[in-house]
Each structure stands twice: as C-alpha cells, then as structure tokens.
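# Observations on the model geometry
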Amino acid sequence: MKRFIYIIIGIVVLSAITSRTVAEDQKVKYSSPWVSFILSDSDLKIAKDKALKGDAEAAFQVYQHYSSGKFDSIAAFPWIQIAANKGHVTAQYNLGYLYMHWDILKNKQLARFWLKEAEKNGLSEATELLKELEEPELGRINK
C-alpha cells in the first residue's frame, strides 16, 4: 500500500513539475506528461487494428491511450489483457499490479500469474512485487 501511495505522490509531483501553460495567439495550451499517450483518432484506429491482429506493442499503446491519456480504466482494461497475453512484459507487470491493488479486480492468483510471467520475461521489478504479494497484510488474514 505504501508503494502505491508513493507512486501516486510521485505522479502528482512529476505532473506539477512538468506541467506548464503556454500562451500562444491568446490561446492557452496545457502540457502534461500524459499527453504523449493520447493517440489521434486515426492512430487509435490503426493501433486497435494491429492489436487485434496480435501486435502486443500496439495493444499496449491503446491501453496507455485509455489509462494514462484519456483516463478511462474500463476502456483500457481489455487492451492490457491483449498486450499481456501476447507477451508484452510491461503489460504483464501492470496487469499483475492491477490484480494485486485495484479493488474491483483484486485477485491474488491472477496477480501472481502475471507477475511470474513478467519475471520470466526478465522484469526484476516483478520479483519485488511478488515478494510484496506474499507478505501478510497487517490486520487481515492473508489467504
């Protein structure tokens, strides 16, 4: 839980540091680190088509578009599943993290499965999260 809170605080701080407003021709543009994840309508369509044909990176881009660009977790979820199933290691890690921490998805077995897949594919952060997953939660019976 501490790790999740630190991640959120880091995101807020990073956003505050990197976000800026720029006046240009009496228009104000907003810049954010998440803007880079937003795909144009045509790029989104192309990425979805590629993802549905098995392109893991394209599926992950669609996931990022919805999760970090448009902030639509429900629309993002199927795309991270596609990316993870096609072997995208970051998607596997993120999916394990979601199953571990997202209340509506909490599933220790699925979290363990996806984190082990990410670990098999060389992501050392997955090993750390697997250790955290096995730690008993304070004040709860860990099943």
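Residues numbered from 1 in each chain as written. Predicted model: local features only at pLDDT ≥ 70, side-chain atom pairs only at ≥ 80, totals over all residues. Heavy atoms only, no water.

### Observations regarding helix α4 (residues 73-85)
- Relative to the 18 Å expected for 13 residues at 1.5 Å per residue, α4 spans 18 Å between its end C-alpha atoms, a close match to the ideal helical length.
- G87 sits one or two residues past α4 and shows a positive phi near 95°. (Helix = DSSP H or I, 4+ residues; strand = E, 2+ residues; numbered from the N terminus. Expected span 1.5 Å × (residues − 1).)

### Points about the packing of helix α3 (residues 56-69) against α4
- Orientation of α3 relative to α4, taken along the N-to-C sense of each, is 160°, at an axis distance of 8 Å. In terms of orientation, α3 and α4 fall into the roughly antiparallel class. Both α3 and α4 take part in a crossing whose hand is left-handed. When α3 is examined against α4, the residues A56, A59, F60, V62, Y63, Y66 and S67 are found in contact with a partner set consisting of A75, A76, W79, I80, I82 and A83.
- Considered class by class, the residues forming the contact of α3 with α4 number 12 nonpolar, 1 polar and no charged. (Axes fitted to C-alpha atoms, helices over the stretch in contact; angles between N-to-C directions. Parallel < 35°, antiparallel > 145°, perpendicular 65-115°, else oblique. Left-handed = near helix turned anticlockwise from the far one by under 90°. Contact = heavy atoms within 4.5 Å. Nonpolar A, V, L, I, M, F, W, Y, C, P; charged D, E, K, R; others polar.)

### Brief notes about the pattern of salt bridges
- The full count for this structure, using the stated rule, is 4 salt bridges.
- Close ionic contact of K45 with D49 constitutes a salt bridge, the shortest N to O distance being 3.2 Å. With a gap of 4 residues between them, K45 and D49 both fall in helix α2 (residues 41-52), about one helical turn apart.
- Classification of K45 as exposed rests on a relative accessible area of 53%. (Salt bridge = Lys/Arg side-chain N within 4 Å of Asp/Glu carboxyl O. Buried < 20%, exposed > 50% of the residue type's maximum accessible area, 1.4 Å probe, protein only.)

### Comments concerning the environment of E128
- Tracing the sequence through the fold places E128 in helix α7 (residues 124-134).
- It is 9.5 Å that separates the C-alpha atoms of E128 and L115, two residues lying 13 residues apart in sequence.

### A word on the confidence of the model for the protein
- Scored by pLDDT, the protein has a mean of 78; 71% of the residues are at 70 or more.
- Of all the helices and strands in the protein, strand β1 (residues 20-24) carries the lowest mean pLDDT, 32, while helix α6 (residues 108-120) carries the highest, 96.
- Under a pLDDT of 50 for its full length, residues 138-143 has, in the predicted model, 8 contacts with residues more than four places off or in other chains. (pLDDT = per-residue confidence, 0-100.)

### A few points about the packing of aromatic side chains
- Scanning the model with the defined rule gives 4 aromatic pairs in all.
- The interplanar angle of 85° and the centroid separation of 6.1 Å between the aromatic rings of F77 and Y99 together place this pair among those described as edge-to-face. Within this pair, whereas F77 is found in helix α4, its partner Y99 is found in helix α5 (residues 89-101), the two being separated by 22 residues in sequence.
- For F77, a relative accessible area of 15% corresponds to the buried category.
- Exposure remark for Y99: the relative accessible area of 9% places this residue in the buried category.
- Each residue in the set F77, Y99 and W102 is aromatic and connected to the rest through ring pairs, giving one cluster. (Phe/Tyr/Trp six-rings, centres within 6.5 Å; stacked < 30°, edge-to-face > 60°.)

### Concerning unusual backbone geometry
- Despite not being glycine, F71 has its phi angle at roughly 55°, a positive value.
- Structurally, the position occupied by F71 is in the loop between α3 and α4.
- By relative accessible area, F71 is classed as exposed at 54%.

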